[in-house]
Amino acid sequence: MSQISRRNFIRTTASNAALTALAYSTDRALHADPLGLPIGCQTWPVRTMIATDFRGTLQELAAAGFRSIELCSPVGYADSGFAGLGKYSGTDLRRILHEAGLISISSHFSIAELRKDQESRIAWAKDVGLTQMLVPSLDGPKNPTMDDVKRAADEYNRMGERAAAAGIVQGLHNEGFELSNVNGKRTYDLLFQLLDPKFVKFQFQVSTISDGYDAAEYFTRYPGRFISMHVQGWSATTRKIMPVGQDTLDWPRIFAAAKTGGIKNYFVEMDLPLMKASVPYLRKLQVQ
């Protein structure tokens, strides 16, 4: 894939809401984080650290200023460093996160594991305290036909409906298949037409600006259709990933548009030094 994605550029409840507020209350009094949300990060960039020292990695992320993390499923991402999380029950995992001063309401799952046994994955998600289940891609063909896109959307609508019945929001990230084209139209835009907004929300990968996908433009074009975003700084001059606030993106514009898009949380996702370097800017960012 030509875009910079998670694979490529590094390769529920009221009680849960209460925990979120509790974990964030101190920082909120001190900092004006954008959207009034705890600063989150995706765990994919620290997958090798998680594989060797899970608790230590959580402590390092918390010390860096992150309060919310997005997990990757120990089933769907077993070969990427997350298999070790499978030794914990969902409730144990939730407790370990809270002991580190972190919360998690979102995780990535492979669409293959949802096809195989969505019911058990929903049960695990609820035990962890998740309210959002994301897939990185619908994994359609590289050069899809319109029928391919329709089939993928129909399948995911059914998955979204089952998740909604369990009180979970099913979301879709934008990776290879989503950034393809069909008859001169972006597959991503076709999916906004075909996926039912009652059952499926979207998660935007900000670094897809490298392929012309502008976050603020999409948030404005499809109000209320998004649930979260993966945040990367991007320099249009060097065409490289940069710490947020040290790049060329207009972050006040992006976060202001994110309100329109419906964003409920965001996760910084870059190599760990870049993620850490992004926290001071995000703490100070004011959004109108």
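Each remark here, short or long, concerns the structure printed above.
### Observations concerning the overall build of the protein
Helix and strand content of the protein: 11 helices and 12 strands. Scored against the burial criterion, the 288 residues of the protein give a buried share of 56%. Just so you have it, the protein exposes about 11,800 Å², and 51% of that area is on carbon and sulfur atoms.

### A closer look at the nonpolar core
In terms of nonpolar packing, the biggest core is built from 84 residues, with F204, F219, F226 and M229 touching the most fellow members. With residues near it in sequence (within four places) discarded, M229 still touches Q203, F204, V206, F219, I254, F255, A258, I263, N265, Y266 and F267.

### Here's the deal with the pattern of salt bridges
One pass over the structure, following the stated rule, counts 11 salt bridges. R221 is the salt-bridge partner of D189, the closest N and O atoms lying 2.8 Å from each other. With D189 in helix α8 (residues 187–194) and R221 in helix α9 (residues 215–221), the pair connects residues that are 32 residues apart, well separated along the chain. Owing to a relative accessible area of 12%, D189 belongs among the buried residues under this scheme. Overall, R221 belongs to the partly exposed group, its relative accessible area being 37%. For D214, the salt bridge identified is with R253, shortest N-O distance 3.3 Å. Of this pair, D214 sits in the loop between β8 (200–205) and α9 while R253 sits in helix α10 (residues 251–261); the two residues are 39 residues apart in sequence, bridging distant segments of the chain. Given the relative accessible area of 18%, D214 is considered buried. Beyond isolated ion pairs, a larger network of salt bridges with shared partners links R55, D92, R95 and E99.

### Details of the packing of aromatic side chains
Counted by the stated rule, this structure contains 22 aromatic pairs. Judged by centre distance (6.3 Å) and plane angle (80 degrees), the ring pair of Y77 and F82 falls under edge-to-face. Since its relative accessible area comes to 4%, Y77 is described here as buried. The class for F82 is buried, based on a relative accessible area of 0%. Pairing F219 with F226 gives two aromatic rings, centres 4.9 Å apart and planes at 80 degrees, and the pair type is edge-to-face. F226 gets classed as buried once you look at its relative accessible area, which sits at 1%. Among the aromatic residues, those joined into a ring-pair cluster are Y188, F192, F202, F204, Y213, Y218, F219, Y222 and F226. In this structure, R186 is placed above the aromatic ring of Y213, and the distance from its NZ or CZ to the ring centre is 3.8 Å.

### Examining the sheet that holds strand β12 (residues 265–268)
Read around the barrel, eight strands follow the order β1-β2-β3-β4-β5-β8-β9-β12 and close on themselves; strand pairing throughout is parallel. On average, adjacent strands in this sheet sit at an angle of 30 degrees to one another, irrespective of strand direction. Here α10 sits on the sheet and contacts β9 (226–231) and β12; the angle it forms with β9, its principal contact strand, is near 160 degrees.

### Side note on the environment of L249
Inspection of the secondary structure puts L249 in the loop between β11 (240–242) and α10. Counting along the chain gives 35 residues from L249 to D214, while the straight-line C-alpha distance between them is 9.9 Å. When neighbours within four sequence positions are excluded, L249 is seen to be in contact with V206, I209, Q232, W234 and I254.

### Quick word on the pairing of strand β3 (residues 103–108)
Of all six residues that make up β3, six are buried, and the element is covered over most of its length. Bridging between strand β2 (residues 68–72) and β3 involves four bridges; their strand directions are parallel. The partner of S68 across the bridge, within β3, is I103. With helix α5 (residues 90–99) bridging β2 and its parallel neighbour β3, the resulting β-α-β unit is right-handed.

### Side note on the side chain of T187
Here T187 shows up in helix α8. Given the relative accessible area of 0%, T187 is considered buried. Among all residues touching T187, those that are not within four sequence positions of it are P144, V149, F177, E178, S180, N181 and V182.

### Observations regarding the packing of helix α4 (residues 54–63) against α5
In contact at an axis separation of 9 Å, α4 and α5 are set at 40 degrees when each is read in the N-to-C sense. Classified by the angle their axes make, α4 and α5 are oblique. Crossing geometry of α4 relative to α5 is assigned as right-handed. Where α4 abuts α5, its residues F54, R55 and L58 lie against L93, I96, L97 and E99. Taken together, the residues of the contact of α4 with α5 break down into five nonpolar, no polar and two charged.

The rules behind the values
- Residues numbered from 1 in each chain as written.
- Predicted model: local features only at pLDDT ≥ 70, side-chain atom pairs only at ≥ 80, totals over all residues.
- Heavy atoms only, no water.
- Helix = DSSP H or I, 4+ residues; strand = E, 2+ residues; numbered from the N terminus.
- Buried < 20%, exposed > 50% of the residue type's maximum accessible area, 1.4 Å probe, protein only.
- Areas by Shrake-Rupley, 256 points an atom, 1.4 Å probe, with all protein chains shown as cover.
- Core = buried A, V, L, I, M, F, W, Y, C linked by side-chain atoms within 4.5 Å.
- Contact = heavy atoms within 4.5 Å.
- Salt bridge = Lys/Arg side-chain N within 4 Å of Asp/Glu carboxyl O.
- Phe/Tyr/Trp six-rings, centres within 6.5 Å; stacked < 30°, edge-to-face > 60°.
- Lys NZ or Arg CZ within 6 Å of the ring centre and 35° of its normal.
- Pairing = 2+ DSSP bridges.
- Axes fitted to C-alpha atoms, helices over the stretch in contact; angles between N-to-C directions.
- Right-handed = clockwise from strand over helix to strand, strands pointing away.
- Parallel < 35°, antiparallel > 145°, perpendicular 65-115°, else oblique.
- Left-handed = near helix turned anticlockwise from the far one by under 90°.
- Nonpolar A, V, L, I, M, F, W, Y, C, P; charged D, E, K, R; others polar.

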